[in-house]
Amino acid sequence: MTLSGALKSSSIISWKSSGRLQQTIRRCVEVSGKGLHSGKESTVKLWPEMAQQGRYFDFHSKCSIPASIDFAQQNSPLCTTLSADRFKVRTVEHLLSALEATRIDNCKIQVFNNDIDSKEDYCDFEVPILDGSAQQWVEAIEKAGLVVAVDESGNSCETMAPYLNEPVYVCKNDSFVAAIPSPNVRLTYGIDFSKACAIGCQWFSLAPLDDSSYAKQIASSRTFCIYEEVEQMHSMGLIKGGTLENAIVCSASKGWLNPPLRFPDEPCRHKILDLIGDLSLFARLGNQGLPVAHVIAYK
């Protein structure tokens, strides 16, 4: 069984009260920037949404894609992509990570391509990379504020959380993700970049996860890459918008090319940022996506 299949299993997961009401953003937030892989400018608008609607991407009201694992594209190198019909949106993980961590349970997300060069630009979108972290998303959400979400009848709804009942894991070669039952959300990540000594082997663990700990310890950590792999990624049509301003770059021989780091273990912290964004895709109907478990990922 895959990890996604396990976490959706009714026997392995028990939905219980989180002790809070579903929330949404107080007012519209607008952020613009360049896509990491497309290199194209886009604008994202976050809109308040009613309770039990969840988080979803809306494209000119022609198509909507729920921020759900059911719409995750399997072959999506170096980013998380959601797709439905002929529409797709790439690099959603930083934005969704911020929304999950700040408890924006219900939100309509609109993405607009600022420059239309081809027919593909009407259905192929990418969330801006900004500075490579989730900090600008968190700051924009904090500035807008949060409110309790209500349904069409004006009633608030309790947020349910998925509690893990038994251990699950998935592995590929020497990489793995495992989750074990825990009374609260705990995330542990390990990375091993032996070919880049400046990164090396790092571990970081975060518990409990709340908007304060996320903002202070995770949100500002930036995406990273190995300098010697840049040319290969370019040949694959990736990171067309990558610069030293939206990623930290490490050379195997020379170390970090654009210091200083925001944390000594910034690469590992960024992996937790990505993990939160991906796990948020288990959310349903405005409920919590992150499983109440100790999730451990390596490499």
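Residues numbered from 1 in each chain as written. Predicted model: local features only at pLDDT ≥ 70, side-chain atom pairs only at ≥ 80, totals over all residues. Heavy atoms only, no water.

A. Representation of the packing of helix 2 (residues 93–101) against helix 6 (residues 266–279). For the pair helix 2 and helix 6, interaxial distance at closest approach is 7 Å and the crossing angle is 80 degrees. The angle between helix 2 and helix 6 falls in the class roughly perpendicular. Across the interface between the two elements, Glu93, His94, Leu96, Ser97 and Glu100 from helix 2 touch His270, Leu273, Asp274, Ile276, Gly277 and Asp278 from helix 6. The class makeup of the residues in the contact of helix 2 with helix 6 is three nonpolar, four polar and four charged. (Axes fitted to C-alpha atoms, helices over the stretch in contact; angles between N-to-C directions. Helix = DSSP H or I, 4+ residues; strand = E, 2+ residues; numbered from the N terminus. Parallel < 35°, antiparallel > 145°, perpendicular 65-115°, else oblique. Contact = heavy atoms within 4.5 Å. Nonpolar A, V, L, I, M, F, W, Y, C, P; charged D, E, K, R; others polar.)

B. Focus on the sheet that holds strand 9 (residues 107–113). One open sheet accounts for five strands, arranged 3-4-9-5-6; its pairing is mixed. This sheet does not close on itself; its edge strands, each paired only once, are strand 3 (29–34) and strand 6 (63–66). Direction aside, the axes of adjacent strands within the sheet are offset by 25 degrees on average. With four bridges joining them, strand 5 (residues 55–59) and strand 9 adopt parallel strand pairing. Directly across from Arg55, in strand 9, lies its bridge partner Cys107. Lying over the sheet, helix 2 contacts strand 4 (41–48), strand 5 and strand 9, oriented at roughly 140 degrees with respect to strand 5. Taken strand by strand, helix 3 (residues 135–144) contacts strand 3 and strand 4, and its axis lies near 165 degrees from that of strand 3. (Pairing = 2+ DSSP bridges.)

C. A look at the sheet that holds strand 17 (residues 224–226). Overall, mixed pairing links the three strands, which are arranged 17-18-19 in an open sheet. Lying at the two open borders of the sheet, with one neighbouring strand each, are strand 17 and strand 19 (255–256). Sheet analysis places strand 17 next to strand 18 (residues 248–251), joined by three bridges and oriented parallel. Note that in strand 18 the partner of Cys225 across the bridge is Val249.

D. View of helix 3. When we look at burial in helix 3, the residues that qualify are Trp137, Val138, Ala140, Ile141 and Ala144. In an axial view of helix 3, the angular spread of the buried residues amounts to 165 degrees, which keeps them on one side of the axis. Exposed and oriented more than 90 degrees from the buried face of helix 3 are Glu142 and Lys143. The inward-facing, buried residues of helix 3 contact strand 2 (23–25), strand 3, strand 4, helix 2, strand 11 (146–148) and helix 4 (211–217). Phi turns positive, to about 90 degrees, at Gly145, one or two residues after helix 3. (Buried < 20%, exposed > 50% of the residue type's maximum accessible area, 1.4 Å probe, protein only. Arc of directions from axis to C-beta.)

E. Region of the structure containing the pattern of salt bridges. By the definition in use, this model includes ten salt bridges. With its nearest N and O atoms 2.9 Å apart, the salt bridge here joins Asp105 to Arg20. Linking Asp105 in the loop between helix 2 and strand 9 with Arg20 in strand 1 (residues 13–21), this pair joins segments that are 85 residues apart in sequence. There is no split in this pair, since Asp105 and Arg20 are both buried. The shortest N-O distance in the salt bridge between Lys45 and Glu30 comes to 3.9 Å. With Lys45 in strand 4 and Glu30 in strand 3, this residue pair connects regions lying 15 residues apart in the sequence. What makes Lys45 partly exposed here is its relative accessible area of 23%. (Salt bridge = Lys/Arg side-chain N within 4 Å of Asp/Glu carboxyl O.)

F. Molecular detail of the environment of Glu126. Tracing the backbone shows Glu126 in strand 10 (residues 124–126). Sequence separation of Glu126 and Asp192 is 66 residues, and the distance between their C-alpha atoms is 29 Å. Once residues within four sequence positions are removed from consideration, Glu126 is found in contact with Gly35, Leu36, His37, Ser38, Gly39, Ser42, Arg90, Thr91 and Val111. In this structure the side chain of Glu126 is engaged in a polar contact, spanning 3.0 Å, whose partner is the backbone nitrogen of His37. In terms of polar contacts, Glu126 uses its side chain to reach the backbone amide nitrogen of Ser38, at 2.8 Å. (Polar contact = N/O pair within 3.5 Å; in protein donor to acceptor, adjacent residues only side chain to side chain.)

G. The environment of Thr159, seen in detail. You can see Thr159 is positioned in strand 12 (residues 158–164). Taking relative accessible area as the criterion, Thr159 reaches 0% and is therefore assigned buried. Taking the C-alpha atoms as reference points, Thr159 and Ser17, 142 residues apart in sequence, are found 6.3 Å from one another. Setting aside residues no more than four positions away along its own chain, Thr159 makes contact with Lys16, Ser17, Ser18, Gly19, Arg20, Leu21, Gln22, Asp105, Gly286, Asn287 and Gln288. For Thr159, the side chain forms a polar contact with the main-chain oxygen of Leu21, separated by 3.4 Å.

Purely spatial values, then, with no claim about function.
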